Amino acid sequence: MDFDLFVIGGGSAGVRCARIAAGYGARVGVAEERFWGGTCVNIGCVPKKLLVQAGEYGAWADDAAGFGWTVTKGPHSWPALIAAKDREITRLEGIYRRLLANAGATIFDARATFIDPHTLDVGGKHVTATNIVIATGGHPERPPIPGAELGIISDDAFFLKEMPRKVIVCGSGYIAVEFAGIFQALGAETHLVYRQPLPLRGFDGDMREALAEALAAQGVILHAGCHLQKLEADGEQRILTFGDGQTLSADLVFFATGRKPNTAGLGLDKAGVTTLPSGAVVVSPKMQTSQPHIYALGDVTDQVNLTPVATAEGHALADTLFGGNPREISLRNVPSAVFSTPPISTVGLTEEEAAALGPVDVYVTKFTPMRHNLSGRNRKTTMKLVVDQATQRILGVHMLGEDAPEIVQGLAIAVVMGATKQDFDRTIGIHPTAAEEFVTLRTRTRVSGVAKAAE
Ligand SMILES: Cc1cc2nc3c(=O)[nH]c(=O)nc-3n(C[C@H](O)[C@H](O)[C@H](O)COP(=O)(O)OP(=O)(O)OC[C@H]3O[C@@H](n4cnc5c(N)ncnc54)[C@H](O)[C@@H]3O)c2cc1C
């Protein structure tokens, strides 16, 4: 065999797995067809957060007046922002490539596909490997409506030549609400259209309500309960028609309506690897596919589609195969963030999920952060704890407000360790912060859920 391990895809999962395995002395090959670092570095987390931060500067310039500053805000230059973002991404992509090369992996700037269970076509060259990792990620999908190709997807949003003056973002997942916040903050009239009554399906109900309020307070125009029917062009204008016949026009329509695993054309049938109808590769908790020597990591498995999960899986697999340290990753209590304006962060169960299991004590607080009493900005913070009534264990921590992801990352350790409400109560706060509210929530807001015994 040419390699002990061949990794298809140089994204978060693939790079980590290849780098750690090569560090253990394994003969590793890795192929990337587009850009090293994958979605997260090039067209995901990193550039997205830079765009969110660009929007924040505009708001801070406005808010400074409340603190005595005279700030004259000039116009924002989208091309300057995109050029700065591109320079940073090019730097990061270079780092990813060097990390792999320095670890001793053999790098292929090519597409890899299966010829048989141990042989790959890598840019026209046949290579064989004892173990193979599929870490090909996913891609955005347009909705199945006529004219969908007239709208853009998240991959395109990072390379727009100019800022739209009016934009319609379709979808209510985290990418949709993040981009609605970005466009609005950078000056576009922004409409968010979605099918559900509230954005962010699957998140805690209080957070969803707080987010809808926050988006509206920011100036995003919300259109709940909308079914997309068709998209048409009238010159440069785009006209979106809904199921009820109503229309909405803008100079940009952005579909953030779902993602699909990258498995088409990979030759998985030749490798004997089973997929779900969605295209997701089926894996065991050890990340093994239906072929025991072929593994799949990250978004291509469509489990928890987040960068830290992908890298953790890649690291665990390299440790298992070559580090003499077999281990699995737990997908319970995975913390996550939505970089809306302001952001949401969450770890553990939502109130709805926890209440389905039994009675829970719920603590919620909502307040205007100190800063905005002076800035005058209409921006609230909402914080919430979901506590198992019987054991007093913290089942869920949720926050919408400035710095929420920075705060919840620390609390996630406590949740993973099994902290109780009493542990939170005996922790002294840091004053004056928003975070201290998490350790001073004394009054229960409500009890939720049903007692199992009573059912
Ligand atoms: C707009 C956006 C924002 C996001 N924001 C966040 C965030 O804030 N936080 C977070 O945790 N996650 C975020 N994510 C999700 C995150 O980017 C993914 O979970 C993560 O990148 C998954 O890593 P991966 O290695 O599985 O796949 P990817 O990073 O997608 O890497 C797969 C790589 O495989 C390559 N490839 C595919 N097929 C082949 C082939 N046949 N041969 C060779 N190469 C191939 C692709 O070119 C790609 O580079 C975001 C995603 C998007 C789209």
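Reading the values: the criteria
- The numbering scheme is per chain: residues are counted from 1 as the chain's sequence reads.
- Under the rules for a predicted model, residues below a pLDDT of 70 receive no local features and side-chain atom pairs below 80 are neither given nor counted, while totals for whole chains, interfaces and linings still include all residues.
- Note that the side-chain values use all heavy atoms of the structure and ignore hydrogens as well as water.
- In these notes, residues near a molecule or strand are those with any non-hydrogen atom within 4 Å of it.
- Two N or O atoms form a polar contact when they lie within 3.5 Å of each other; inside protein one atom must be a possible hydrogen donor and the other a possible acceptor, and for residues adjacent in sequence the pair counts only when both atoms belong to side chains.
- Counting from the N terminus, the helices are DSSP H or I runs at least four residues long and the strands are E runs at least two residues long.
- Put simply, Ala, Val, Leu, Ile, Met, Phe, Trp, Tyr, Cys and Pro go in the nonpolar bin, Asp, Glu, Lys and Arg in the charged bin, and everything else, Gly too, in the polar bin.
- In this analysis, the expected span of each helix is defined as 1.5 Å times one less than the number of residues it contains.
- Under the scheme applied here, a residue whose accessible area is under 20% of the maximum for its type counts as buried, over 50% as exposed, and between as partly exposed, the area being computed with a 1.4 Å probe on protein chains only.
- By definition, residues are in contact when any of their heavy atoms lie within 4.5 Å.
- Strand pairing is assigned whenever DSSP detects at least two bridges linking the two strands.
- The convention used is that axes are lines fitted to C-alpha atoms, helices contributing only their stretch in contact, and that angles between N-to-C directions extend from 0 to 180 degrees.
- Handedness of a crossing is defined here by the sense of rotation of the near helix relative to the far one, left-handed for an anticlockwise turn of less than a right angle and right-handed for a clockwise turn.
- We call a set of buried residues a nonpolar core when its members are Ala, Val, Leu, Ile, Met, Phe, Trp, Tyr or Cys and they connect through side-chain atoms within 4.5 Å of each other.
- Here the angle decides the label: under 35 degrees means roughly parallel, over 145 means roughly antiparallel, 65 to 115 means roughly perpendicular, and every other value means oblique.
- Residues forming no salt bridge and having over 30% relative accessible area are the ones grouped into patches, like charges within 9 Å of each other and nonpolar side chains (Val, Leu, Ile, Met, Phe, Trp, Tyr) within 5 Å.
- Exposure was quantified through the Shrake-Rupley algorithm and a 1.4 Å probe, taking into account, for residues, occlusion by the shown protein chains and nothing else.
- Any Lys or Arg side-chain nitrogen found within 4 Å of a carboxyl oxygen on Asp or Glu counts as a salt bridge.

Caption draft 1: Local environment of the site of the ligand. Lining the immediate environment of the ligand, one finds 35 residues, of which Ala13, Glu32, Thr39, Lys48 and Asp299 sit closest. A distance of 3.1 Å is found between an oxygen atom of the ligand and a backbone nitrogen or oxygen belonging to Ser12. Cys40 has a polar backbone atom sitting 3.4 Å from an oxygen atom of the ligand. Among the elements of the structure, α1 (12-23), α2 (38-43), α3 (45-63), α6 (174-185) and α9 (307-322) are those that each provide at least two residues to the shell around the ligand. Looking at which element gives the most residues to the shell around the ligand, the answer is α2, with four residues. Of the residues assigned to the shell around the ligand, the class counts are 17 nonpolar, eleven polar and seven charged.

Caption draft 2: Region of interest: α9. An ideal rise of 1.5 Å per residue puts 22 Å on 16 residues; α9 measures up with 22 Å between its terminal C-alpha atoms. Buried residues of α9: Val309, Ala310, Thr311, Glu313, Gly314, Ala316, Leu317, Ala318 and Asp319, and no others. Against α1, β6 (125-134) and β16 (294-296) lie the buried residues of α9. Of the residues trailing α9, Gly324 is marked for its positive phi of about 65°.

Caption draft 3: How the structure looks around the sheet that holds strand β9 (residues 189-193). Reading across from one edge, β10-β9-β8-β14 is the order of the four strands in this open sheet, with parallel pairing throughout. Looking at which strands have only one partner, the edges of the open sheet turn out to be β10 (221-223) and β14 (252-255). Mean inter-strand twist for the sheet, computed between neighbouring axes without regard to direction, equals 20°. Sheet analysis places β9 next to β10, joined by three bridges and oriented parallel. Looking at β10, one finds that Val193 is bridged to His223. Along the sheet, α6 makes contact with β8 (166-170), β9 and β14, crossing β9 at roughly 165°.

Caption draft 4: Molecular detail of the pairing of strand β13 (residues 247-250). The two faces of β13 differ: Leu248 and Ala250 on one face are buried, but Thr247 and Ser249 on the other face are not. Counting the residues that bridge the hairpin from strand β12 (residues 237-242) to β13 gives four residues, and of these Gly245 lies at a positive phi of roughly 90°.

Caption draft 5: Summary view of the packing of α3 against α6. Running from N to C, α3 and α6 point in directions that differ by 35°, and their axes come no closer than 8 Å. Of the two elements, α3 crosses α6, and the hand of that crossing is left-handed. Across the interface between the two elements, Lys48, Leu51, Val52 and Gly55 of α3 pack against Tyr174, Glu178, Phe179, Ile182 and Ala185 of α6. Grouping the amino acids of the contact of α3 with α6 by side-chain chemistry returns six nonpolar, one polar and two charged.

Caption draft 6: Just the nonpolar core, in detail. Counting residues in hydrophobic clusters, the biggest one holds 46 residues, and the most contacted among them are Phe6, Phe114, Val122, Val133 and Ile134. Ranked by residue count, the leading element in this core is α1, at seven residues. Beyond its immediate stretch of four places on either side in the chain, Phe6 contacts Gly29, Val30, Ala31, Phe108, Ala112, Leu120, Val122, Val127, Ala129, Asn131, Ile132 and Val133.

Caption draft 7: α1, seen in detail. Here α1 is twelve residues long and its end C-alpha atoms lie 17 Å apart, about the 16 Å a rise of 1.5 Å per residue gives. Of the positions making up α1, those classed as buried are Ser12, Ala13, Gly14, Val15, Cys17, Ala18, Ile20, Ala21 and Ala22. Where α1 is buried, its residues meet β1 (3-8), β2 (28-31), α2, α4 (78-103), β6 and α9.

Caption draft 8: Seen up close, the packing of α1 against α9. Between α1 and α9, the least distance of the axes is 7 Å, while the angle of their chain directions is 30°. Here α9 runs roughly parallel to α1, going by the angle between their axes. Regarding α1 and α9, the two cross each other, and that crossing is right-handed. On α9, the residues touching Ser12, Ala13, Arg16, Cys17, Ile20 and Ala21 of α1 are Thr307, Ala310, Thr311, Gly314, His315, Leu317, Ala318, Asp319 and Phe322. In terms of residue class, the contact of α1 with α9 is built from eight nonpolar, five polar and two charged.

Caption draft 9: A nonpolar patch on the surface, seen in detail. A cluster of nonpolar side chains, Phe67, Trp69, Val71 and Leu374, forms an exposed patch at the surface whose accessible area comes to about 450 Å². For Trp69, the location among the structural elements is in the loop between α3 and α4. Classification of Trp69 by relative accessible area gives exposed; the value is 63%.

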